[in-house]
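# Secondary and tertiary structure notes
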Amino acid sequence: MSSWKSLLLRIGDKSSEYNSSSDLKDHIETCFGALRRELAHSSSEILPFLLQCAEQLPHKIPLYGTLIGLLNLEDEDFVKKIVEDTQNVFQDALGSGNCDRIRISMRFLTALMCSKVLQPASLVVVFETLLSSAAITVDEEKGNPSWQARADFYVICILSCLPWGGAELAEQVPEEIERVLVGIQAYLSIRRHTSDSGLSFFEDDESGGDIVEKDFLEDLWERIQVLSNNGWKVESVPRPHLSFEAQLVAGKSHEFGPISCPEQPEPPSTNSAVAYGKQKHDAELKYPQRIRRLNIFPASKTEDLQPIDRFVVEEYLLDVLLFFNGCRKECASFMVGLPVPFRYEYLMAETIFSQLLLLPHPPFKPIYYTLVIMDLCKALPGAFPAVVAGAVRALFDKIAGLDMECRTRLILWFSHHLSNFQFIWPWDEWAYVLDLPKWAPQRVFVQEVLEREVRLSYWDKIKQSIENASALEELLPPKGGPNFKYGRTDGQEKTEQEQAISADLSNKVKGRQSAREIILWIEENIYPIHGLEITLSVVIQTLLDIGSKSFTHLITVLERYGQVMAKLCSDQDKQVMLIAEVSSYWKNNAQMTAIAIDRMMGYRLISNLAIVRWVFSPENIEQFHISDCPWEVLRNAVSKTYNRITDLRKEISSLKKGVISAEEAASKAKADLEAAESKLTLLEGEPVLGENPAKLKHLKSVAEKAKEEEESMHDSLQAKEALLARALDENEVLFLSLYKNFSTVLMERLPDDATLQSLKSHGDSMAVDLEESPAMEVDDENGIPKKSQSNGGKATNIYNVGEKEQWCLSTLGYLKAFSRQYASEIWPHIEKLDAEVFTEDAHPLFRKAVYSGLRRLSNEL
């Protein structure tokens, strides 16, 4: 890499390029000197690389802004080109709705204004353009309030620039910036308050109390007002341009060309709540809220921060997570080296966990956050592991109120995290969960973490890891392997006939008989004599046993003998029986149960509707509040259905591009042929129509092939569109079945007048005296909770929710999670679901959970 590139990348870092110096002025001068030498013959390389650095290392934007300000003194045309390119990038981002690029571009423009590269009035015009668009959008008469998410995003972008340039704007254009702030206040007065309903980390946050929490925009506005009252002083934003102010004022300030915001989509043609809800959902998908704060630690841990500093550090952290999602070690390195003069480990942990648990979806796969947390623990061994441990204890303390989807993600993260640190954890702190009822969320959490750890290791290893709390072995999953009904040494009483059938089938498979031969053998010799139930049980159990040695063995059996299963289980009732046999065979291994059912659905041996029926069968319903196993199977089935539709949409999009290319090629070939046929040529001195026969023959061949290719592409597109239409119909049936089952089981168990609060407060109290109890507050520097001094040195842990009530709370939680996760697929079918399932007869809590997941407004209830 060229030395000037290294200097640009590493500016602001303690690195060898800058002799490990941390003086920002030295960094800027060194980098500027290198760029000035290269500018004459490498400007075409420097310009895009500099812009790329500013976009992908946005926490260094003040440094890049100052650097460009100095370059402006040397080469005004070069810097003018930077401003023009930035305008083009910004305008394209506005048109396409690229939120990250819009936000970063505006921060970059603010830095350029601070360095005298951009006129302050030009930046104010940008602010006012966005503010005007936002105000029109939320106007009931002129705009489309369902797209408030975009309007809010524009205003948030304006406010988020002010920590970086508010002081300069207030000094240079005080009246103009005051006009912008007054406009923002007016906007806040006409927009709707945004509720976090359905997206809160904790169920208690949605209890519907009288206190209305500030939404993200209202909170940011309050922080900016505090900043303004404090004279725009921000510790967390470096201001390197001040060191060069005497030089920068001599530079020419450039104008920023006009920009335009895209028109908001047309309001719904029908003035219905459903149509409004669909557009609101689309807007929130395109302009999502970047962060929802997860306040894990007590305020004392971050009380030294000014309100605006928390926002700025969150921006830094989120930017690093965004731009280094493929480079985890670089990500961790930049996260621990932010340009702030205070410690921020607790805020860093809260920000990462808020992203890991963000609803409806984390920005990146959960594994990314697992790796970042792991690398941060290694980068800050004296500080961060204790902070993470404190976060886990704090979340565990509130696990009963944590959203069900967040709970599942936390379980998956924590088990994976421990697997990277030799499964070491002070389990004795949580040993008291054994004295809680089996449905208590804390006990279920420990049980599920241990089960996931066994998947990532092996049973004996995990048993060894909990030696300091050996009683917790009770919560480990069963150690046993497969539960084969027809083995000769398993002690189960099965008739010799059934065992003989199983042995015969096993020998036929070992003898590599074909699926067709085995089907004939079953139809002629087994089914007529023993009937469906025994035949299905013996055949499925035996084939599963043959495939039980490994995942590869299972796949081989399904590929070779899936036809046998398909023939035997040709309808939904029989498929439910098949799934029951899988569950019975792997009853000691939840992971293999989920994998086998998932693979069978992949090979289309069982349908998603059969899986839904099985999940809602009586034996599974009783597990809803104490095990994740049935929910894992259901999640896999719905996800696989969703993924099929997603894949078809991608294929159709690709085919549409292919059709356009084929049409253009066919049109060109036809035009070439017609031109050749109409051309006059001389043949033996006589003028004739058309070119020489050989060329015409070739052109005809090309035109015919192009036409065939066009027709083939059209046929492929029609076929895929037909498959998509069928898949969408099947999806509608799936969600109807899923919601009807949820409604039925909840109606059977929910009291008519039940509320969430009554469910949480009703039941048999259960108190457990503990020698030590983990407290919510993590006051020890090592993250170890203080001992409670109440009750004579013992803490009293009370869980006062009865089993029936906990079952209802858990099931409602999973219902909301499914609705939220697949909202994009549910909204197109909402009218039918409203007519058939979400009716007035349905339980109010059932409808509330669904509507909360879909983010439907209260007036749509």
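Residues numbered from 1 in each chain as written. Predicted model: local features only at pLDDT ≥ 70, side-chain atom pairs only at ≥ 80, totals over all residues. Heavy atoms only, no water.

For the rest of this paragraph, the subject is the overall build of the protein chain. For the protein chain, the count of helices and strands is 33 helices and four strands. For the protein chain, the spread of C-alpha atoms along the three principal axes comes to 115 × 100 × 60 Å. Partitioning the intrachain contacts of the protein chain with sequence separation of at least 6 by distance along the chain shows that 76% fall at a separation of at least 24. Carbon and sulfur atoms provide 49% of the accessible area of the protein chain, an area that totals close to 39300 Å². Counting 93 positive and 126 negative side-chain charges, the protein chain places the averaged centre of each group 4 Å from the other. (Helix = DSSP H or I, 4+ residues; strand = E, 2+ residues; numbered from the N terminus. Contact = heavy atoms within 4.5 Å. Areas by Shrake-Rupley, 256 points an atom, 1.4 Å probe, with all protein chains shown as cover. Lys, Arg positive; Asp, Glu negative; His and termini not counted. Charge placed at Lys NZ, Arg CZ, Asp CG, Glu CD.)

All right, on to the layout of surface pockets then. Computed from the structure, the second largest pocket encloses a volume of approximately 960 Å³. Taken together, 41 residues make up the lining of the second largest pocket; nearest its centre are Pro477, Pro478, Lys587, Asn588 and Ala590. For the lining of the second largest pocket, the secondary structure elements donating two or more residues are α18 (441–456), α19 (459–465), α23 (572–585), α24 (590–602), α26 (618–621) and α27 (629–678). When residues in the lining of the second largest pocket are grouped by element, the largest group, seven residues, is from α18. Tallied by class, residues from the lining of the second largest pocket come to 15 nonpolar, 13 polar and 13 charged. (1 Å grid on protein atoms, 1.4 Å probe; cavity = no way out; pocket = protein on both sides within 12 Å on 5 of 7 lines; lining within 4 Å. Points joined across faces, edges and corners; volume = space filled by probe spheres on them. Nonpolar A, V, L, I, M, F, W, Y, C, P; charged D, E, K, R; others polar.)

On to helix α8 (residues 174–190), then. Since the α-helix turns once every 3.6 residues, residues separated by three or four places project in the same direction. The end-to-end C-alpha separation of α8 is 25 Å, in line with the 24 Å expected for 17 residues at 1.5 Å each. Taken as a whole, α8 has its buried residues at Ile177, Val180, Leu181, Ile184, Tyr187 and Leu188. Viewed end-on, α8 has its buried residues packed into an arc of 115°, placing them on one side of the element. In this structure, α8 carries Glu175 and Ser189 as exposed residues pointing more than 90 degrees from its buried face. Taken together, the buried residues of α8 touch α6 (120–137), α7 (148–172) and α9 (216–229). (Expected span 1.5 Å × (residues − 1). Buried < 20%, exposed > 50% of the residue type's maximum accessible area, 1.4 Å probe, protein only. Arc of directions from axis to C-beta.)

Judged by nonpolar contacts, the single largest core of 262 residues is most densely connected at Phe353 and Trp427. Top contributing element to this core by residue count: α7, with 14 residues. Residues within four places of Phe353 in sequence aside, it is in contact with Leu294, Ile296, Ile373, Val388, Ala391, Leu395, Leu410 and Trp413. With 10 residues, the next largest nonpolar core counts Ile645, Ile652, Val659 and Leu717 among its residues. (Core = buried A, V, L, I, M, F, W, Y, C linked by side-chain atoms within 4.5 Å.)

The final tally for this structure, using the stated rule, is 61 salt bridges. For Arg649, the salt bridge is made with Glu825, and the minimal N-O distance between the two is 2.9 Å. Here Arg649, found in helix α27, pairs with Glu825, found in helix α31 (residues 823–826); they are 176 residues apart in sequence, far enough to count as distant. The buried category is assigned to Glu825, whose relative accessible area is 5%. Residues joined in a network through salt bridges with shared partners are Asp100, Arg103, Arg107, Arg290, Glu315 and Asp319. (Salt bridge = Lys/Arg side-chain N within 4 Å of Asp/Glu carboxyl O.)

Turning next to the side chain of Arg749. Mapped onto the elements, Arg749 comes out in helix α28 (residues 693–749). Polar side-chain contacts of Arg749 include one of 3.4 Å to the side chain of Glu622. If sequence neighbours within four positions are ignored, Arg749 has contacts with Ile621, Glu622, Lys804, Trp807 and Cys808. (Polar contact = N/O pair within 3.5 Å; in protein donor to acceptor, adjacent residues only side chain to side chain.)

Turning next to empty space enclosed by the protein. Counted by the stated rule, this structure contains four cavities of 30 Å³ or more. One number sums up the size of the largest cavity: a volume of about 190 Å³. Lining the largest cavity are 18 residues; nearest its centre among them are Met404, Ile411, Val444, Glu448 and Tyr814. If you list the elements that add at least two residues to the lining of the largest cavity, you get α17 (404–419), α18 and α30 (803–821).

This next bit is on helix α22 (residues 551–568). Taken as a whole, α22 carries its principal kink of about 65° at Tyr561. Close packing links the buried residues of α22 with α20 (496–510), α21 (515–546), α23 and α24. (Bend = angle between axes of the 7 residues up to and from the residue.)

Turning next to the packing of α6 against α8. Remark: α6 packs on α8, axes separated minimally by 10 Å, with the N-to-C direction vectors making an angle of 15°. Classified by the angle their axes make, α6 and α8 are roughly parallel. Crossing hand, α6 versus α8: left-handed. On α8, the residues that touch Val124, Phe127, Glu128, Leu131, Ala134 and Ala135 of α6 are Glu176, Ile177, Arg179, Val180, Gly183, Ile184, Tyr187 and Ile190. Classifying every residue of the contact of α6 with α8 by side-chain character gives 10 nonpolar, one polar and three charged. (Axes fitted to C-alpha atoms, helices over the stretch in contact; angles between N-to-C directions. Parallel < 35°, antiparallel > 145°, perpendicular 65-115°, else oblique. Left-handed = near helix turned anticlockwise from the far one by under 90°.)

Here the focus is unusual backbone geometry. Residues other than glycine predominantly adopt negative phi, and peptide bonds predominantly adopt the trans conformation. Of note, the bond from Leu359 into Pro360 is cis; its omega dihedral lies within 30 degrees of zero at 5°. For Gln422, which is not glycine, the phi torsion reads 60° and is therefore positive. Summarising the element assignment, Gln422 is placed in the loop between α17 and α18. Positive phi is not limited to glycine here, since Phe423 has a value of about 60°. With respect to the helices and strands, Phe423 occurs in the loop between α17 and α18.

A few words on the confidence of the model for the protein chain. As a general rule, the predicted coordinates of low-pLDDT regions are not to be interpreted in detail. Here the protein chain averages 89 in pLDDT, and 92% of its residues register 70 or above. Scored below 50 in pLDDT, residues 764–796 shows 69 contacts in the model against residues more than four places distant or in partner chains. (pLDDT = per-residue confidence, 0-100.)

A few words now on the packing of aromatic side chains. By the definition in use, this model includes 36 aromatic pairs. With centroids separated by 5.7 Å and ring planes inclined at 85°, the aromatic side chains of Trp4 and Phe49 adopt a geometry described as edge-to-face. Separated by 45 residues along the polypeptide, Trp4 in helix α1 (residues 3–10) and Phe49 in helix α2 (residues 24–56) bring together distant segments of the chain. Of the two residues, Trp4 and Phe49, neither departs from the other in class, the shared state being buried. Seen from their ring centres, Trp164 and Tyr316 are 6.1 Å apart, and the 85° between their planes marks the pair as edge-to-face. Remark: Tyr316 occurs in helix α12 (residues 307–323) and Trp164 occurs in helix α7; sequence separation between them is 152 residues. A residue is classified by how much of its surface remains accessible, and Tyr316, at 0% relative accessible area, is buried. Members of the aromatic cluster, joined through ring pairs, are Phe616, Phe624, Trp631, Tyr642, Phe742, Trp807, Tyr814, Phe818 and Tyr822. The ring of Phe244 has Lys25 sitting right over it, with the charged end atom 5.9 Å from the ring centre. (Phe/Tyr/Trp six-rings, centres within 6.5 Å; stacked < 30°, edge-to-face > 60°. Lys NZ or Arg CZ within 6 Å of the ring centre and 35° of its normal.)

Right, let's get into the environment of Leu505. Looking at where Leu505 falls in the secondary structure, it is placed in helix α20. Look at Leu505 and you get buried, because its relative accessible area is 1%. Residues Leu505 and Thr542, spaced 37 residues apart in sequence, show a C-alpha to C-alpha distance of 7.4 Å. Sequence-distant contacts of Leu505, defined by excluding residues within four places in its chain, comprise Ile518, Trp521, Val539, Thr542 and Leu543.

It is worth spelling out the environment of Asp397 at this point. Mapped onto the secondary structure, Asp397 falls in helix α16 (residues 384–397). Here Asp397 falls in the partly exposed class, since its relative accessible area comes to 32%. Counting along the chain gives 378 residues from Asp397 to Asn19, while the straight-line C-alpha distance between them is 47 Å.

Attention shifts here to the state of the cysteines. Counted by the stated rule, this structure contains zero disulfides. Cys114 forms no disulfide, and the closest cysteine sulfur to it belongs to Cys161, at a distance of 10 Å. Here Cys114 falls in the buried class, since its relative accessible area comes to 4%. (Disulfide = S-S within 2.5 Å.)

This next bit is on the environment of Val312. Considering the arrangement of structural elements, one finds Val312 in helix α12. For the pair formed by Val312 and His59, sequence separation is 253 residues and the distance between their alpha carbons is 9.4 Å. Apart from the residues within four sequence positions on either side, Val312 is in contact with Pro163, Trp164, Val234, Ser236 and Val237.

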